[in-house]
Structures are given as C-alpha cells and as structure tokens.
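What follows is each chain in one-letter form.
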Amino acid sequence: MCLYNQLNMELPTSLKEIQKKIAENQLTCVDLVSAYLKNIRASKNLNAYIEVFEEEALLRANQLDKKYQLDPETCGALFGLVVSIKDLICYEGHGVTAASKILENFKSIYSSTAVERILNADAIIIGRTNCDQFGMGSDNSNSVYGVVKNPFDTSRVAGGSSGGSAVSVAANTCLVALGTDTGGSVRQPASFTNVIGLKPTYGRVSRHGLLAYGSSFDQIGFFAHAAEDIAIVTAIASGADEFDATCVERTDNIFTTFGELQKFPEHSKTKKIAFLKQSFDAALLDADVLKSMQTARTTFEKLGHTVEVVEFNLLDYIVPAYYVLTTAEASSNLSRYDGVRYGYRSPESTNLETMLKKTRTEGFSEEVKRRILTGAFVLSAGYYDAYFSKAQRVRRLISENIDRIFNDFDLIILPISPVVPWKIGEKSDDTVKMYMADIFTVLANMAGVPGISVPMGFGEETNLPIGIQILAKKWCEAELLQITEKVLSS
Ligand code: GLN
C-alpha cells in the first residue's frame, strides 16, 4: 500500500541537482515550493505536517528567485533548499507546540540558532512537522495531532519521535528536515522511512531554541536523501553559539563550501569496523533486521574494510539507565510549563495550586506525565543514590566502553531498531516494549558520539524499509557521511 504513485517523485533529490537546474533556468524556487506543496496535499493522510507555511514559503521563494535574477553571487549556500522543521524547534512568529496541549497556540518569540543559520543561508521553511509530545516516544503516537503513518505501508508507524520530519522527506514534500534526537528520534524514523538521518556529536549544533527534553542528550539532527545535503546543512547549522555553552566551534571536518559541494575529507581508505556482537543475535532481532546486518557486513568487506565482531556487555543496562537519566532531566525541564508563563491554562482553577495541578494534568499527555513522575521519583532524596547516581555511573561506563572500542576501530555498526516498523497501536499499551525498541539508538546519546541511519533498502520478508546504524568518534560526522555515500552507491 504505497502512496508514491500519487506523489511527484520526479523532483530532484539533492541540493546540487536543484541548484544546477536553477542555474540552467529549468527550475525556480517558486516551481519547487509549488511542487512540494502539491506533494504535501497528496500525502495529507500520512499526517506528517502540523502546519504548512504555504503562502509564506511561496512568498519567500519568489523573493529568492528575484534575488537570484539580480545577482546569483549574493545567494546563500542553501539557496533552493526547502526544509521542514519538527514542532519542537522554535521559528520566530510561528507556532511551536511540542505536539502538546500545554503549548497549544504558543508562538515562538525567537528562532532557534539552527533555524536562524539556515535561513541566513537562504533556505525556505515549508512547515512544521508532527512528532511525539516533547520528543517522548518511539512511534509518533504520543501526539495531540495523532500518529504519523508510514508511506510504505500506511497501516504501520513511521517511527518517532521525529516521525513527521522523516516522512516529510520520504514523501518528497521538502528536501531536508530538521528533527531532534535524544535517544534515536532522528535515526529510527529515518530507518523506518528509507531516508538518511544524522544525529551529530553532542555539542555540534546549538540547542538554543530547541524545546528541552533531556538536555545532556538532545541534539538537532537532519534527514535527507543525499549524504551531501546533510553535510552542507550540518556545516551551516553548527558552530559555537553564545546561547548554548555546550556547543563548540570546530574547524576540522568542515564538510563543504558553497557552489561546489566539495568531497568530504578523505579519511583512511581502509577502515577498521566493529560490529557489536548483538547485531547478529537472532533472538533479539527481526529476521529482516538480522539480514540487513549480514548484508552490511558483506558490503563493508567488499568495500575493502576490515570487519570484526566485538563484545559489548552493557547493552542490558542501556535502556534502564537512559530512561532514569532522561526522565530526571525532563522532570526538571518541563517544570516551566505551569500555566503561568506559557500556553495553556486550565480555565476551571480557583487558586494557584489547583491552577498548576489542573493545567499540568490536562496539558500533558499520559506518557509525558509518566516521565515527569518517574523523573521526580528518581531524583527524590530517598531514591537519588539508588537510581539517578547509579544511572550516571552506568552512563560513564558505557562511554568508557565506547571509547575503548574506538581506540581500536574507526566505526561501530549496529542495527537501528531490533524490529521493523510495527502496526499502528501495536505497542501503545505496553510502555516497556516501546522503550525497548530504543535499545540500539540510545547508545550514541549516552556517549555523545555521532550516529547515522543508512537506508539498506527493503526487507525480503516484510518489504518494509530498514536502515543500519553507524557510529563514529566524536566530531567525525564527515567520516559517517563519506561511508554512507559509499554504501549507497555500492
Ligand atoms: N524514543 C526515545 C524516547 O522516547 C527517544 C526520543 C528522542 O530521541 N527524542 O525517549
């Protein structure tokens, strides 16, 4: 049940192609935006967008076309790039709700640094996309706007929490999407929808203007069809920011320059690649996922790399530690939504205390409340040592283990999700089952390293999209993108 026959899939799928067509007078920004808007209408049933900035995007396209006609030299590196943004990322004067009731009708009073930087480089933002509430979820069912459907089988989920962003790219309604990744929310929906998804190194892209979930885990990440497009957008969005002290300036690994999209810097040709042992564990993985790991292994060997299987004994502790730490951070981050300063306020309150209680009871979803309560519990005086500080120690052990593997290897490979995209509603009643789907993705956020989801086509048994995950050392996104490009063209 694929929708693609209703969509215009003839549109160029890389910025380079778009800029070439514009230079050859075969395409304008207005043409492009109009075609994407058509695809948005045709794929409406997928529920990817919360709001489409139709008129505004057309107006901006028109202005950019004029700017180009006057002098192409004045156009920015992202000229011709149409982008969607997850409903957790602030864009001045536009709604941002985190797919929640508590922020219904709330408008950003400033833009996030990432948005500001891509706009300065002449990108066009076409709309904001559906997601799990405050980024909490793995299949986009935790949204006041409803679930996002998988374009390849509409009875199945598109993944989460950035499900709308992934689908916006998969259904060719924009070229690049901005999502956020706290524990896999860019990589997992990317793999469920056959696109590339990058979670950069923690500290690469500013978190200013990203509604906080787990601040020591959160990163803005990118979806696209072409590795090169992710490279250029990451390069432009990244860099030090006075509003985010964890964000640093890097002069290495600058991926591209405008005009000619340069080749990523060549790292050593033959790479040492570690596959986590669990990547071949038939008891843990769906048959198609296992198959994708075997295919990946052969592909990397054929490409001339050295492949080894390595032990990683901490996998069982990852999901519990992740949920202790992120709920703790979330309980603190979400305390600001109290009905006083932002968004929704319960109308029936008679005094401050009931106002606070009712606003938060009515404004947050069950899942968000579950996490706030869990977080407050693990941080409480009686349980802090038993849960929170223990989970912090587990996080350090995990990071050290990953560093140790990276002493001997350039890249680590593992699945994205142990299972293929599931049926809508299948995991909604079983929280633990839903959390366990994150087992392979939270690792990168625990250790702060970059991770990418590389599409590996469609499973033989299920015919559903499957991606593999590659992790690199901190700041080595260029290496990830370079190998992604090689795998996709092999
Ligand atoms: N599924 C994970 C969670 O619910 C990851 C979410 C994310 O990366 N934002 O926490």
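What counts and how
Residues numbered from 1 in each chain as written. Predicted model: local features only at pLDDT ≥ 70, side-chain atom pairs only at ≥ 80, totals over all residues. Heavy atoms only, no water. Helix = DSSP H or I, 4+ residues; strand = E, 2+ residues; numbered from the N terminus. Rg over C-alpha atoms; globule rule 2.2 N^0.38 Å. Buried < 20%, exposed > 50% of the residue type's maximum accessible area, 1.4 Å probe, protein only. Contact = heavy atoms within 4.5 Å. Lys, Arg positive; Asp, Glu negative; His and termini not counted. Charge placed at Lys NZ, Arg CZ, Asp CG, Glu CD. Near = heavy atom within 4 Å. Polar contact = N/O pair within 3.5 Å; in protein donor to acceptor, adjacent residues only side chain to side chain. Nonpolar A, V, L, I, M, F, W, Y, C, P; charged D, E, K, R; others polar. Core = buried A, V, L, I, M, F, W, Y, C linked by side-chain atoms within 4.5 Å. Expected span 1.5 Å × (residues − 1). Arc of directions from axis to C-beta. Phe/Tyr/Trp six-rings, centres within 6.5 Å; stacked < 30°, edge-to-face > 60°. Lys NZ or Arg CZ within 6 Å of the ring centre and 35° of its normal. Pairing = 2+ DSSP bridges. Axes fitted to C-alpha atoms, helices over the stretch in contact; angles between N-to-C directions.

Caption draft 1: Expanded view of the overall build of the protein. Helix and strand counts for the protein come out as 15 helices and 13 strands. The C-alpha radius of gyration of the protein comes to 21 Å, within 12% of the 23 Å expected for a compact globule of 490 residues. Seen through its principal axes, the protein has C-alpha atoms that stretch 65 × 60 × 45 Å. The proportion of buried residues among the 490 residues of the protein is 61%. For the protein, restricting intrachain contacts to residue pairs at least 6 apart in sequence, the fraction spanning at least 24 positions comes to 76%. Across the protein, the centroid of the 49 positively charged side chains sits 2 Å from that of the 58 negatively charged ones.

Caption draft 2: Molecular detail of the site of the ligand. Around the ligand sit 15 residues in total, of which Thr-182, Gly-183, Ser-185, Tyr-213 and Tyr-322 are the nearest. Note that an oxygen atom of the ligand is positioned 2.9 Å from one of the backbone N or O atoms of Gly-137. Contact distances for the ligand include 3.4 Å between an oxygen atom and a side-chain N or O atom of Tyr-323. For the shell around the ligand, the residue count by class is 4 nonpolar, 8 polar and 3 charged.

Caption draft 3: Up close: the nonpolar core. In this structure, Ile-126, Phe-134, Leu-178, Phe-300, Phe-312 and Ile-470 are the most contacted members of the largest nonpolar core, which totals 147 residues. The contacts of Ile-470, once residues within four sequence positions are left out, are Phe-300, Leu-411, Ile-412, Ile-413, Pro-450, Gly-451, Ile-452, Val-454, Leu-480 and Ile-483. By size, the runner-up hydrophobic cluster in this structure holds 6 residues, among which are Val-157, Phe-192, Met-434 and Ala-437.

Caption draft 4: Helix H3 (residues 54-70), seen in detail. With 17 residues, H3 ought to run about 24 Å at 1.5 Å a step, and its terminal C-alpha atoms sit 25 Å apart, in line with that. Restricting attention to buried positions, one finds in H3 the residues Ala-57, Ala-61, Leu-64 and Asp-65. The buried side chains of H3 occupy one side of the element, clustering within an arc of 105 degrees when seen end-on. Those residues of H3 that are exposed and aimed more than 90 degrees away from the buried face are Glu-55, Leu-59, Gln-69 and Leu-70.

Caption draft 5: Here's a closer look at the packing of aromatic side chains. The tally for this structure, following the rule as stated, stands at 18 aromatic pairs. Linked through ring pairs, Phe-106, Phe-134, Tyr-337, Tyr-342 and Phe-364 together constitute an aromatic cluster. Between the NZ or CZ atom of Arg-297 and the centre of the ring of Phe-280, over which it lies, the distance is 5.6 Å.

Caption draft 6: Inspection of the sheet that holds strand E11 (residues 411-415) at higher detail. Taken together, 11 strands build an open sheet; the order of strands is E1-E3-E2-E6-E8-E7-E12-E13-E11-E9-E10 and the sheet is mixed. Strands with a single pairing partner mark the edges of an open sheet, and in this sheet they are strand E1 (49-52) and strand E10 (306-310). Mean inter-strand twist for the sheet, computed between neighbouring axes without regard to direction, equals 25 degrees. As defined by bridge partners, strand E9 (residues 272-276) adjoins E10 across 5 bridges and the pair is classed as parallel. Paired with Lys-272 across the strands is Thr-306, a residue of E10. Contacting strand E6 (176-181), strand E7 (196-199) and strand E8 (219-224), helix H7 (residues 227-237) runs over the sheet at an angle of about 150 degrees to E8. Most of the contacts of helix H8 (residues 287-302) go to strand E13 (residues 465-472), to which it runs at about 55 degrees, and overall it touches E9, E10, E11, strand E12 (451-458) and E13.

Take it as geometry only, folks, not as evidence of what the structure does.
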